[in-house]
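Inside the fold
Next come the chains, spelled out residue by residue.
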Amino acid sequence: MRRTPRLAAARRELLATIVLAGPLIGGQLCLIAGNVVDVMLAGHLGAHVLGAVAIGTSIWSVALMGLSGLMMAVPPTVAQLEGAGRRGETVPVFRQALLLAIGFSLLAWAAIGRGGPLLVDALGLAPELTVNANAFLCAISFGAPALGVYFAARGLSEGLGITWPTMMFGLGGLILLAPTGYVLMYGAFGLQGLGALGSGLANALVCWAEAAGYLAFVRFAPCYPGLAWRPACWWPNPAKLAALLRLGLPMAGSVLMEVSMFSVAGLMIGGLGDDAVASHQVALNLASVSFMLPLGVALATTVRVGNAVGRGDAVGMRYAGLAGIGLAVLAQACSSALMFGAPHLLAAIYTQDPAVLSGAVTLLHLAAIFQIFDGLQVSANGALRGLKDTRLPLAATALAYCGIGIPLGWWFGLHGALGAPGVWMGLIAGLATAAVLLVLRFDVLSRRLPAQWAPEAAM
C-alpha cells in the first residue's frame, strides 16, 4: 500500500522525535535516581539527617527548576537557527546564555545559601534538624553557578539535535554521586563523616563536575561541526540577553507554577496525618517517575518544532508538534493503565503498612487519570516553546494551577473533608485545564501562522 505524503511526514516526525527524546528521558531518570541515592545515603544516618536532606532538597529544587526553566530559552533559539541553516550564529547566543545563567545562578547561590537557612529557621523545626538542614543548604548552594553553566551547555547541544550527551553526563553524575556522597557523609580515607553537610557538598561537587564536562564536550567534541567559536566575544549583548529573558522568564514561571501547585498540595495533605502524607509521597513519587517520559518527549518536541520554524516549514511544524503531543499521551496512557491495573503491586514497592498502602492505591487511581492531562500539557507546552510562544502559556498555567488546581484541592480535600483524594482531585482539575488551554493554543497558532518564518534578527 502506497503511503500518502501526510502519512510519510507524520511517520518521519514520530521517528525523529523518538530518537531525540530517548536520551532526554534517560537524563531525566538519572536526575530522579540521584534523589533516590541522596535519600538512601541519608536514611542510614538517622531521622534527623534524612529529614534535613529532604527539607533542604525541597528548597533547593526551587532554584534548580527556576534555572532550568530560564535556560529553556536556549534550545528553541538554537533549534530555529539550526533549521534556518545559521549554525554559526548559535555560539554567540550560547555565550550570552552563559552570562545570563551565571548571573542568575549567583543570585540563586546567595538566595539559597543565605535565605534558605532563614526559611528553615522560620519553620520551627527541632534544633538538630534545623542545624542539619541549614548545613545542607549552605553546602549545596555552591553548586548553583555550576547548574547554570550545565543547563546552558545542555541547551546548546539539545537545540542542535544532539541529545545523547545529556544522558551520558546525567549517568556519569549519578555514578559519581554515590561514592562521593558516601565518603563525605560517612567518612573514609581519613576524612570525618559530615552527615547532611556532606550530602550537600557531594551534590555541589557533582554539579561542578557535570558542568565542566558538558562545557568541555560542546567546545571540543567533533560531533559539533560548523560552530564558530572564534572570534570570542564575551561582552554582554543587550539585544540577545533581552530576547533570552523574554523567552526564559515566562518558561521559568510556568515551571514554578506547576511545582508550586504540587508543593501546596503536599502542605495541605501535611495536616491530615502521617498515613495521608506517606500515601501521598508514594503515589507522587510513582507519578514523578512516569512523568519523565512525556517530559523527555516535550523537550524533543521543542527542538523539532524550532527546526521547522527555522526552515519556514509550516506543515512540518504542525506535524512535529502533533507528533510530540501524540507520543507523550501514548507514554502516559501506558503508565495510566499500569496504575489502574496494578496499583497494589506498585505501592507495595514502597510500603507494606496497610493504612499507607490503602491510601496510596486510592491516590494511584486518581494519578492514573491525571497522567493523560499531564502528558498533554507538558508536550503542548514543549511545542509552544519551539514557536517561542511563552507569555500566554504562562498566563494559562497560572490560571490552571493557582486559580483552579489549588483552590479546588483545598475545597474538596479540606473544606469538603475528602482528605488527600480531594486534594488530588484539585490536581486533576488544574492539569486538565492547563492541557486544554495549551493544546488549543498550539492548534490555533499552528493553523494561523504564515508559511514562512525567520529566526529573530537579534538571535
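These lines cover the structure that appears in this document, whether it is placed above or below. Counting of residues starts from 1 at the beginning of each chain's written sequence and follows it residue by residue. A pLDDT threshold of at least 70 governs which residues receive local features in this predicted model, and a stricter bar of 80 or more applies before side-chain atom pairs are shown or counted, although totals over entire chains, interfaces and linings include all residues. With hydrogens and water stripped out, all remaining heavy atoms of the structure feed into the side-chain values.

Let's shift gears to the packing of aromatic side chains. Only Phe, Tyr and Trp rings are paired, with Trp represented by its six-membered ring, and only when their centres lie within 6.5 Å; those with planes under 30 degrees apart are stacked, over 60 edge-to-face, the remainder tilted. Taken as a whole and assessed by the stated rule, the structure comprises 11 aromatic pairs. Measuring from centroid to centroid gives 5.8 Å for F169 and F217, while their planes differ by 75°, and the two rings are edge-to-face. Remark: F217 occurs in helix α8 (residues 196–220) and F169 occurs in helix α7 (residues 164–186); sequence separation between them is 48 residues. Relative accessibility under 20% of the residue-type maximum defines a buried residue, over 50% an exposed one, and the middle range a partly exposed one, all with a 1.4 Å probe and only protein chains included. When its relative accessible area of 14% is taken as the criterion, F169 is described as buried. In this description a helix means any DSSP run of H or I spanning at least four residues, a strand means any run of E spanning at least two, and both kinds are numbered starting from the N terminus.

Bringing unusual backbone geometry into the picture now. With a phi angle near 60°, K388 is a residue other than glycine that sits in the positive phi range. If you trace the backbone, K388 turns up in the loop between α13 (354–386) and α14 (391–415). By relative accessible area, which is 14% here, K388 ends up buried.

Grouping into patches uses exposed residues only, defined as over 30% relative accessible area, and leaves out salt-bridged ones; the cut-off is 9 Å for like charges and 5 Å for nonpolar side chains (Val, Leu, Ile, Met, Phe, Trp, Tyr). Here the accessible surface of atoms and residues is derived via Shrake-Rupley with a 1.4 Å probe, and residues count as covered only by protein chains that are part of the display. A carboxyl oxygen of Asp or Glu within 4 Å of a side-chain nitrogen of Lys or Arg is what we treat as a salt bridge. Taken together, the side chains of L272, W410, W411 and L414 present a nonpolar region at the surface, about 380 Å² in accessible area. In this fold, W410 is placed in helix α14.

Summary: where empty space remains is shown by rolling a probe the size of a single water molecule over the atoms. Definitions used for this entry: grid spacing 1 Å over protein atoms alone; cavity, a set of points where a 1.4 Å probe fits but cannot get out; pocket, an open set with protein on both sides within 12 Å along at least 5 of 7 lines; lining residue, one with an atom within 4 Å of a point. Grid points are joined across faces, edges and corners, and a volume is the space filled by probe spheres set on the points. The computed volume of the second largest pocket comes to approximately 200 Å³. Counting residues per element, the lining of the second largest pocket draws most heavily on helix α2 (residues 47–71), at 5 residues. Here the nonpolar group is Ala, Val, Leu, Ile, Met, Phe, Trp, Tyr, Cys and Pro; Asp, Glu, Lys and Arg are the charged ones; every other residue, Gly included, is treated as polar. Of the residues belonging to the lining of the second largest pocket, the class tally is 10 nonpolar, 1 polar and no charged.

A separate point is the environment of I25. By the secondary structure assignment, I25 is in helix α1 (residues 5–43). Take I25: its relative accessible area is 17%, and that puts it in the buried class. Here the alpha-carbon distance between I25 and T166, two residues 141 residues apart in the chain, equals 9.3 Å. I25 has contacts with M292, L293 and G296, leaving out every residue within four places of it along the chain. Contacts were defined at the residue level, with two residues in contact if any of their heavy atoms lie within 4.5 Å.

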